[in-house]
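# Examination of the molecular architecture
Okay, here's what each chain looks like letter by letter:
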Amino acid sequence: MVEYFLVFLGAAIPWLEIALVIPLGIIRGLSPFWVMTLAFVGNMFTVLILIIAFQKVQAWMESRKQKSGKGDSKRTERGKRIWNKYGMPGLALLGPILIGTHIAAFIGLLFGASKVNTTIWMTISIALWTLVFGIATSMGFDFFIQQESVVPE
């Protein structure tokens with residue numbers, strides 16, 4: 001039970017997210033269905049909080065940026081390139097593997113995407129990547145277990 005809560009929590013934390021949590025949970029021997037479900041819910045939970053609280057987060061980031069006198073980070077620059085090339089759908093779909101879901105949602109909102117559009121595309125993206133990571137890990141893990149039992153000693 002604790003391990004499933006850790007899956008939820010890990011998926012909710014930026015930079016851990018679904019790309020790391022799902023394979024680790026499945027390799028650990030947890031149910032792929034519950035790992036994928038809890039990782040999706042955990043990741044979406046914090047992404048939705050970010051989308052809802054965007055104005056406050058934006059004001060905080062601006063004040064922090066002005067105090068430090070720094071320009072945009074490498075992640076922000078990468079996000080801008082993706083946005084300029086593919087728009088919100090591309091940012092949402094590429095975000096989880098390139099810059100993270102939270103940063104992708106934030107950049108999309110920062111560049112003018114509506115909260116509804118951002119929510120829809122981030123939900124599609126997180127669901128898609130949850131399936132990809134979960135199915136690939138399950139199939140790969142099963143493949144290695146089967147290969148291990150076939151190898152002669």
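As the structure is a prediction and not an experimental result, all values here were calculated from the model.

## Comments concerning the packing of helix α1 (residues 2–12) against helix α2 (residues 17–27)
Between α1 and α2, the least distance of the axes is 8 Å, while the angle of their chain directions is 160 degrees. With respect to each other, α1 and α2 are oriented roughly antiparallel. Classified by chirality, the crossing of α2 by α1 is right-handed. Mapping the contact onto sequence places V7, G10 and A11 in α1 and E17, I18 and V21 in α2. Here the residues of the contact of α1 with α2 sort into 4 nonpolar, 1 polar and 1 charged.

## Some thoughts on the side chain of T101
For T101, the location among the structural elements is in helix α6 (residues 101–110). Within the local environment of T101, its side chain forms a polar contact with the side chain of N43, the two groups lying 3.1 Å apart. Beyond its immediate chain neighbours, meaning those up to four positions away, T101 contacts E17, N43, V47, G95, P96, M122 and I126.

## So, the environment of V2
Relative to the helices and strands, V2 resides in helix α1. Taking the C-alpha atoms as reference points, V2 and T119, separated by 117 residues in sequence, lie 29 Å from one another.

## Brief notes about the nonpolar core
The biggest cluster of nonpolar side chains holds 32 residues, and the ones touching the most others in it are I18, I22, L91 and M122. Elements with a minimum of two residues in this core: α1, α2, α3 (32–52), α5 (74–98), α6 and α7 (115–150). A total of 7 residues in this core trace back to one element, the largest contributor, which is α3. Residues contacting M122, with those up to four places away along its chain left out, are M44, V47, M88, A92, T101, A104 and A105.

## Considerations on the packing of aromatic side chains
Each aromatic ring pair is characterised by the separation of its centres together with the angle its planes make. All told, the structure shown has 5 aromatic pairs when counted by the stated rule. Members of the aromatic cluster, joined through ring pairs, are F5, F8 and F45.

Parameters and conventions
- Residues numbered from 1 in each chain as written.
- Predicted model: local features only at pLDDT ≥ 70, side-chain atom pairs only at ≥ 80, totals over all residues.
- Heavy atoms only, no water.
- Axes fitted to C-alpha atoms, helices over the stretch in contact; angles between N-to-C directions.
- Helix = DSSP H or I, 4+ residues; strand = E, 2+ residues; numbered from the N terminus.
- Parallel < 35°, antiparallel > 145°, perpendicular 65-115°, else oblique.
- Left-handed = near helix turned anticlockwise from the far one by under 90°.
- Contact = heavy atoms within 4.5 Å.
- Nonpolar A, V, L, I, M, F, W, Y, C, P; charged D, E, K, R; others polar.
- Polar contact = N/O pair within 3.5 Å; in protein donor to acceptor, adjacent residues only side chain to side chain.
- Core = buried A, V, L, I, M, F, W, Y, C linked by side-chain atoms within 4.5 Å.
- Buried < 20%, exposed > 50% of the residue type's maximum accessible area, 1.4 Å probe, protein only.
- Phe/Tyr/Trp six-rings, centres within 6.5 Å; stacked < 30°, edge-to-face > 60°.

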